[in-house]
Amino acid sequence: KPVAQDVPYPGYPVWSPDSNFLLVYSHPAGGIARAEADWWLAPLDGGAARKTGAFNALRAQGFTTSFGSSIPRAWIWQDDALIFTAQKGDTRSIWKARFTPGAQISAHVDRITQGTTVDVQPSASETGILAFASVSQNAAIWSIPIDPDARRVTGALKRLTEGDTSESTPSISPDGRMLYYGSTIPHHEDIW
């Protein structure tokens with residue numbers, strides 16, 4: 001049966017521990033209204049869903065709540081705790097906060113993972129074992145020779161950049177002698 005029909009653009013449902021609610025993410029106006037994005041509690045008995053106010057509490061604690069890969073995403077609701085992924089500063093980690101259907105998210109949020117990678121998609125057992133993906137991304141600039149008249153590749157791929165940064169947005173000079181690209185670390189980009 002349909003659930004959370006009164007929630008605009010619902011997604012990413014998470015069951016409550018008692019199976020009476022779904023916690024869903026909603027981004028009114030299709031994600032344009034960043035301040036309106038939040039988690040909503042949708043009762044399965046057909047009652048009206050209600051906005052939790054969690055995103056306001058997270059923003060007040062320095063979390064990023066902008067639409068896209070930075071949105072806080074709830075994954076696991078066990079007992080009175082919510083495990084979620086969120087961006088704070090230059091890292092995306094897994095966090096835990098006290099959360100119950102009748103209350104707001106707690107003012108104190110505990111960081112579970114401490115790495116420098118992007119930690120996402122946690123799953124937990126009933127005994128407290130947590131598994132998650134730890135993702136590291138490194139974009140590089142590559143070249144491949146082609147014959148434009150024959151419209152075919154004439155050689156092998158060759159990596160042009162080697163580094164720990166994310167290298168992207170290449171631009172080749174009209175004479176083909178120079179290549180410019182962006183080299184990005186969190187919150188900073190240089191042109192090479």
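Thresholds applied
Residues numbered from 1 in each chain as written. Predicted model: local features only at pLDDT ≥ 70, side-chain atom pairs only at ≥ 80, totals over all residues. Heavy atoms only, no water. Helix = DSSP H or I, 4+ residues; strand = E, 2+ residues; numbered from the N terminus. Rg over C-alpha atoms; globule rule 2.2 N^0.38 Å. Buried < 20%, exposed > 50% of the residue type's maximum accessible area, 1.4 Å probe, protein only. Areas by Shrake-Rupley, 256 points an atom, 1.4 Å probe, with all protein chains shown as cover. Lys, Arg positive; Asp, Glu negative; His and termini not counted. Charge placed at Lys NZ, Arg CZ, Asp CG, Glu CD. Core = buried A, V, L, I, M, F, W, Y, C linked by side-chain atoms within 4.5 Å. Contact = heavy atoms within 4.5 Å. Phe/Tyr/Trp six-rings, centres within 6.5 Å; stacked < 30°, edge-to-face > 60°. Pairing = 2+ DSSP bridges. Patch = residues over 30% accessible without salt bridge, like charges linked within 9 Å, V, L, I, M, F, W, Y side chains within 5 Å. Salt bridge = Lys/Arg side-chain N within 4 Å of Asp/Glu carboxyl O. Polar contact = N/O pair within 3.5 Å; in protein donor to acceptor, adjacent residues only side chain to side chain.

1. What about the overall build of the protein?
The secondary structure content of the protein amounts to one helix and 18 strands. Relative to its length of 192 residues, the protein is extended, with a C-alpha radius of gyration of 22 Å against a globular reference of 16 Å. Each of the three principal axes of the protein carries a C-alpha extent, and together these read 65 × 35 × 30 Å. Taken over 192 residues, the protein has a buried fraction of 33%. Accessible surface for the protein amounts to roughly 11600 Å². Of this, 54% is attributable to carbon and sulfur atoms. Taking the 16 positively charged and 19 negatively charged side chains of the protein as two groups, their mean positions are separated by 2 Å.

2. Some points on the nonpolar core
In this structure, L23, W39, L58, F84 and I105 are the most contacted members of the largest nonpolar core, which totals 21 residues. For this core, the secondary-structure elements that each account for two or more residues are β2 (21-26), β3 (38-43), α1 (54-60), β6 (73-78), β7 (81-88) and β8 (91-98). Ignoring anything within four residues of it in the chain, the contact list for I105 reads W39, A54, A57, L58, F84, A97, R98 and F99.

3. A few points about the packing of aromatic side chains
Tallied over the entire structure, the rule returns seven aromatic pairs. Here Y25 and F55 contribute two aromatic rings whose centre-to-centre distance is 5.9 Å and whose plane-to-plane angle is 35 degrees, an arrangement assigned as tilted. Of the two residues, Y25 is situated in strand β2 and F55 in helix α1; the sequence distance between them amounts to 30 residues. F55 shares its class with Y25; the two are buried. Judged by centre distance (5.1 Å) and plane angle (65 degrees), the rings of W77 and F99 are edge-to-face. Here F99 lies in the loop between β8 and β9 (109-111) and W77 lies in strand β6, a separation of 22 residues in the sequence. Accessibility assignment for this pair places W77 and F99 in one class, buried. Aromatic rings pair up to connect Y12, Y25, W39, F55, F63, F84 and W95 into one cluster.

4. Things to note about the sheet that holds strand β1 (residues 10-15)
Hydrogen bonding along the main chain pairs the strands of a sheet, whether they run parallel or antiparallel. With respect to topology, four strands assemble into an open sheet ordered β1-β2-β3-β4, the strand pairing being antiparallel. Two strands in the sheet have a free side with no partner beyond their single neighbour: β1 and β4 (50-51). Pairing analysis gives two bridges linking β3 to β4, with the strands arranged antiparallel. Bridge pairing links L41 to R50 in β4.

5. A short note on the pairing of β1
Every regular strand shows the same layout, with side chains that alternate between the two sheet faces. One ladder, built from four bridges, connects β1 with β2; its direction is antiparallel. The residue of β2 that forms the bridge with V14 is L23. The turn linking β1 back onto β2 is made up of five residues, and S19 within it adopts a positive phi angle of 65 degrees.

6. Section: a nonpolar patch on the surface
On the surface, a cluster of nonpolar side chains totalling about 510 Å² of accessible area is made up of W142, I144, I146, V153 and L157. The residue L157 is located in the loop between β14 (152-153) and β15 (158-159) in this model.

7. A word on unusual backbone geometry
Excluding glycine, residues mostly carry a negative phi; peptide bonds, for their part, are mostly trans. Although it is not a glycine, D79 sits at a positive phi angle of roughly 55 degrees. Secondary-structure assignment places D79 in the loop between β6 and β7. Look at T169: it is not a glycine, yet its phi comes out positive at around 50 degrees.

8. Quick notes on the side chain of T52
Structurally, T52 is set in the loop between β4 and α1. For T52, a relative accessible area of 3% translates into the label buried. Within the structure, the side chain of T52 is placed 3.3 Å from the side chain of D38, a separation counted as a polar contact. Among the polar contacts listed, one links the side chain of T52 to the backbone nitrogen of A54, at a separation of 3.1 Å. When residues no more than four places from it in sequence are discounted, the contact partners of T52 are L23, D38, W39, W40, L41, F99 and Q104.

Remember, this is a structural readout, not a statement about activity or role.
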